[in-house]
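# Observations on chain architecture
Residues per chain, in single letters:
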Amino acid sequence: MNVNGPTDSSARLTTAIDQPDFVALRPATGGEHLLRLYCMPPAGMNAPYFQAFTRYLPTTVSLHALQLPGRGRATGTPVHTNPQRLGQLLAERIRQGDDGHPYAVFGHSVGSLIAYETVKCLTRQGHRPPTLLALSAMAAPHHPDFTAKAPDVLLGGRKGIEKLFGRLPNHAGQDDPRALVNAWIPMLADLLLALQSSPHQGPPLDTQLALYGGEDDPVISPEALAGWNDISSQPATPRLFPGNHTYPLDNVEALSSRLTADLATSLRGWVCPVNGPGSHSGECPVGNLRNRA
């Protein structure tokens, strides 16, 4: 499995389908646009995982979801298992899309580790951090919970994977081995990526943190989720929702509401760009963000 591709620039893949990128599920809408939200999906999933969130997030938020190789229309392309390299690529894309407005990053499950790696890269490269880093259903890299339970998933075959990530697509059945392999590869790649995430080094991340989880998550305990506070200068109390590791699928409206409130809090004191959608004093309309949900 080619996880990172060649290093020779002349041999690199150049088509968008072969590269990690963000899909605009709801693009910026001119004067309505206030904040750009980057969302990282769970293992094996792709950008449409967050499509339902566009119904409940404020119109002032443009939603951009991560699309990784090896899934969706990019099935069969090489996957990524190096968290540091992936974080660097995504940090570069966020820098390229920076229009001066505030932005936030949200990740669920393995997507939380990708979100963390991306923000860590942005910070180390001297780019302004997001106003909010929201992490869901994942232990911090230094916490033993995920590493201790991952072998059961890796060795449990289809049942092990479905216990954590939910049922595989219907077409990935025993009568279609190739479809089953194509469904497995991104999940296994993302699990390997998670297992290769290294403990945090250096100063704590200095950005507002939000932590979400499922009340009955069989893999990530509330204590493991709270472990992210060890590497943040702005600790947060975990917010739990009914359900297991896949709780966002059943709590889209409630999770969107909580995320909207945390986004609004993170914007207090933010000054919008010149001629941006702020007040005459330049302050961003935090109240509008909350009320338009």
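Along each chain, residue indices are assigned from 1 in the same order as the chain's sequence is written. Local features in this predicted model are restricted to residues whose pLDDT is 70 or higher, and side-chain atom pairs enter the listing and the counts only when it is 80 or higher, whereas totals over whole chains, interfaces and linings include all residues. Neither water nor hydrogens contribute to the side-chain values; these are computed over all heavy atoms in the structure.

### Topic: empty space enclosed by the protein
Within this scheme a cavity is a closed region of a 1 Å grid, computed over the protein atoms alone, that accommodates a 1.4 Å probe without allowing it to escape, whereas a pocket is open but has protein on both sides within 12 Å along at least five of seven lines; lining residues each have an atom within 4 Å of a point. Grid points are joined across faces, edges and corners, and a volume is the space filled by probe spheres set on the points. Applying the stated criterion across every chain, the model contains two cavities of 30 Å³ or more. By volume, the largest cavity is sized at about 60 Å³. Residue lining of the largest cavity: R36, Y38, I94, G97, D98, D99, H101, P102, Y103 and R128, and that is the complete set. The residue makeup of the lining of the largest cavity, split by class, is four nonpolar, two polar and four charged. Counted as a void, the second largest cavity has a volume near 30 Å³. Taken together, Y116, L133, L135, L205, L209, W228, I231 and S232 make up the full set of residues lining the second largest cavity. Of the residues belonging to the lining of the second largest cavity, the class tally is seven nonpolar, one polar and no charged. In this classification, the charged set is Asp, Glu, Lys and Arg, the nonpolar set is Ala, Val, Leu, Ile, Met, Phe, Trp, Tyr, Cys and Pro, and all remaining amino acids, among them Gly, are polar.

### Describing the pairing of strand β3 (residues 61-67)
Throughout this description, buried means an accessible area under 20% of the type-specific maximum (1.4 Å probe, protein chains only), exposed means over 50%, and partly exposed covers the range between. The helix and strand labels rest on DSSP assignments: H or I over at least four residues marks a helix, E over at least two residues marks a strand, and numbering proceeds from the N terminus. Summarising burial for β3: seven of the seven residues are buried, a large majority. As defined by bridge partners, strand β1 (residues 21-26) adjoins β3 across five bridges and the pair is classed as antiparallel. Across the sheet, the residue bridging to V23 is A65, located in β3. Strand pairing follows a simple DSSP-based rule, namely that at least 2 bridges must link the two strands. Bridge count between strand β2 (residues 35-40) and β3: five bridges; the pairing is parallel. By the bridge assignment for β3, L37 is matched with L63.

### Describing the nonpolar core
By nonpolar core we mean a set of buried residues, namely Ala, Val, Leu, Ile, Met, Phe, Trp, Tyr and Cys, connected to one another through side-chain atoms within 4.5 Å. Counting 40 residues, the largest nonpolar core has M40, V105, I114, L133, F146, I220 and W228 as its most contacted members. Take this core: its biggest share by element is eight residues, from helix α2 (residues 110-124). For this analysis, residues touch if any pair of their heavy atoms sits within 4.5 Å. Apart from residues lying up to four places away in sequence, V105 is in contact with L37, Y38, M40, A115, V119, P130, L132, L133 and A134. Within the second largest apolar cluster, 27 residues are counted, among which are L25, V61, A210 and L267.

### Overview of the side chain of T118
Mapped onto the secondary structure, T118 falls in helix α2. Leaving out residues up to four positions away in the same chain, T118 has contacts with M40, G87, L90, A91 and I94.

### Thoughts on the sheet that holds strand β7 (residues 239-241)
Reading across from one edge, β1-β3-β2-β4-β5-β6-β7 is the order of the seven strands in this open sheet, with mixed pairing throughout. Each having just a single partner strand, β1 and β7 make up the two edges of the open sheet. Averaged over all adjacent pairs, the angle separating strand axes in this sheet is 25°, with direction ignored. Note that β2 and strand β4 (residues 103-108) share five bridges and pair parallel. Paired with R36 across the bridge in β4 is Y103. Note on geometry: axes are lines fitted to C-alpha atoms, helical ones only across the stretch in contact, with angles between N-to-C directions running from 0 to 180 degrees. Across the sheet, α2 is in contact with β2, β3, β4 and β5 (132-136); its angle to β4 comes to roughly 145°.

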